[in-house]
Amino acid sequence: MDEMRAQWEALMGNLENPVDPNKNKSFEDSDVCKMYLVGVCPYDLFENTKHYLGPCSKIHSDELRAKYLEKRKTHYYGYEADTLRFIIPLLEDCDRRVQRGRIRAEDDVACKQTTLDEGTIEEAKRIDAEIEKKMKIANDLGMKGEVEESFKVLEEAELLKKNKLEMLERAGETSYQSRIKPCDICGALLSASDTDRRLTEHYSGKIHVSYQKLRDMSKLLNEYIKEHKPEGSRRGNDRSTSRSYGPRKPVNRGYTRNSRSRSSSRSHSYSSGKSNRRRSRSRDRYSRRR
C-alpha cells in the first residue's frame, strides 16, 4: 500500500501537502510578472474581446505581490515606471479612437444643426449635459452596488431623452435622435437613442471595465512614482572617479646627461687601466721563462 502511495505521489504529487512551485521564488526574478506585482497585468484584461493581448508568459503570484508591496515602501524598484511604459501606448491608442469618435459626432451634429434654430440647439445641448450627468451618477451607483437607485436615475435620464426627442420633432428635425457620442473611457460609439439596458451592458462590459482599470492604474502609478522615485535616480551606476594631480616637477636633463657622461668615462678609464695591468703582468711572466 505504501509503495503504491509513493508511486502515486511521484506521478501526481503530494495531495495532502502540495508543494508551492513559487515557494523559493523572489519577486525580483526575471520570470515574475512585474506588472502583476504593481497592480494589474494588461494580459489579464480584454479576454474574449478583439483587444485581448493573449496570455501572460510570466508568473502571477499573490504571495510575491504582497512581499513586493511591503518592500516597495522602503525601496524604489522602478517596476511602476516599466508598467507605465507598457500601459501608456494602450491608452494612447484608445484616446485616438475617442478623438475620432468626437470628430464623427461633431460632423453629425453639424449636419443636423442646419435646420434647427439656435434656441433649440442650446436647449438640446443643455438636456444632453443633464443626461450625461445622470448617466455618470447611475454608473457610480452601480459600481457601489446600489442597483435600485441606479435604475431610478437611469429612468430619469430616459425621460430626459424622450423630452428632448419630442422637442426636436416639434422643431422639425426628427433625424436628430440618431446623434452619436464616443465613450470617454473606451472609445465605443454610443447613440442618443440607446436604451437603459444597452447602456448598462456597455458600462459593465469587459472592454469598458478593462480600460477603466488601466486608466485608474495609470493614475496610481504616476502618484507612486512622484512620491517615491529618488531625485536624479538613473539606471545603472554612473559614478566616475576623477583625481587631480599637480604639475610634475621639471627634470634637469642637462644635469642627467653630464652625470651619465662622467660616470661612463670613469667606468671606461677604470676598465682600460685594469686591462693594461693584466697585459703587463703577462709580459713579465713571459720574460722570466725565457
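Residues numbered from 1 in each chain as written. Predicted model: local features only at pLDDT ≥ 70, side-chain atom pairs only at ≥ 80, totals over all residues. Heavy atoms only, no water.

- The name given to the protein in an unreviewed UniProt entry is U1 snRNP-associated protein Usp106, with the source organism recorded as Babesia ovis.
- In its Sequence similarities (unreviewed entry) section, UniProt records this for the protein: "Belongs to the Luc7 family." (UniProt positions renumbered as here; feature names shortened; annotations may be inferred.)

**Examining the overall build of the protein**
- On a plain count of helices and strands, the protein comes out with nine helices and two strands.
- Starting at the N terminus and walking to the C terminus, you meet the elements of the protein as α-α-α-α-α-α-β-β-α-α-α.
- When the 290 residues of the protein are sorted by exposure, 29% land in the buried category.
- In the protein, 69% of the contacts between residues at least 6 apart in sequence involve partners at least 24 apart.
- Entry remark: accessible area of the protein is about 21,500 Å², with carbon and sulfur atoms responsible for 50%. (Helix = DSSP H or I, 4+ residues; strand = E, 2+ residues; numbered from the N terminus. Buried < 20%, exposed > 50% of the residue type's maximum accessible area, 1.4 Å probe, protein only. Contact = heavy atoms within 4.5 Å. Areas by Shrake-Rupley, 256 points an atom, 1.4 Å probe, with all protein chains shown as cover.)

**Considerations on the nonpolar core**
- Counting residues in hydrophobic clusters, the biggest one holds 40 residues, and the most contacted among them are Phe27, Leu37, Tyr68, Tyr79, Tyr211 and Leu214.
- Going through the elements one at a time, α2 (34–38), α3 (62–71), α4 (79–113), α5 (118–144), α6 (147–170) and α8 (206–228) are the ones with two or more residues in this core.
- If we skip the residues at most four places from it in the chain, Phe27 touches Val32, Lys34, Leu37, Leu64, Lys67, Tyr68, Lys71, Tyr77 and Tyr79. (Core = buried A, V, L, I, M, F, W, Y, C linked by side-chain atoms within 4.5 Å.)

**Thoughts on helix α7 (residues 196–203)**
- What α7 keeps buried is the set Asp196, Leu199 and His202. Projected down its long axis, α7 shows its buried positions confined to an angular sector of 125 degrees, all on one face. (Arc of directions from axis to C-beta.)

**A short note on the packing of aromatic side chains**
- In this structure the tally under the stated criterion is eight aromatic pairs.
- On the basis of an interplanar angle of 70 degrees and a centroid distance of 5.4 Å, the ring pair of Phe27 and Tyr68 is categorised as edge-to-face. Taken together, the residues span a long stretch of sequence, with Phe27 in the loop between α1 (2–12) and α2 and Tyr68 in helix α3 at a distance of 41 residues. Assigned by exposure class, Phe27 and Tyr68 land together as buried.
- Look at Tyr77 and Tyr79: their rings are 5.6 Å apart centre to centre, the planes differ by 25 degrees, and that puts the pair in the stacked class. Pair check on accessibility: Tyr77 and Tyr79 agree, each one buried.
- Here the aromatic cluster, defined as three or more aromatic residues joined through ring pairs, consists of Phe27, Tyr68, Tyr77 and Tyr79.
- When the ring centre of Tyr36 is taken as origin, the NZ or CZ atom of Arg65, which lies over that ring, is 3.9 Å away.
- The residue whose ring lies beneath Arg72 is Tyr224, and the NZ or CZ to ring-centre distance is 4.3 Å. (Phe/Tyr/Trp six-rings, centres within 6.5 Å; stacked < 30°, edge-to-face > 60°. Lys NZ or Arg CZ within 6 Å of the ring centre and 35° of its normal.)

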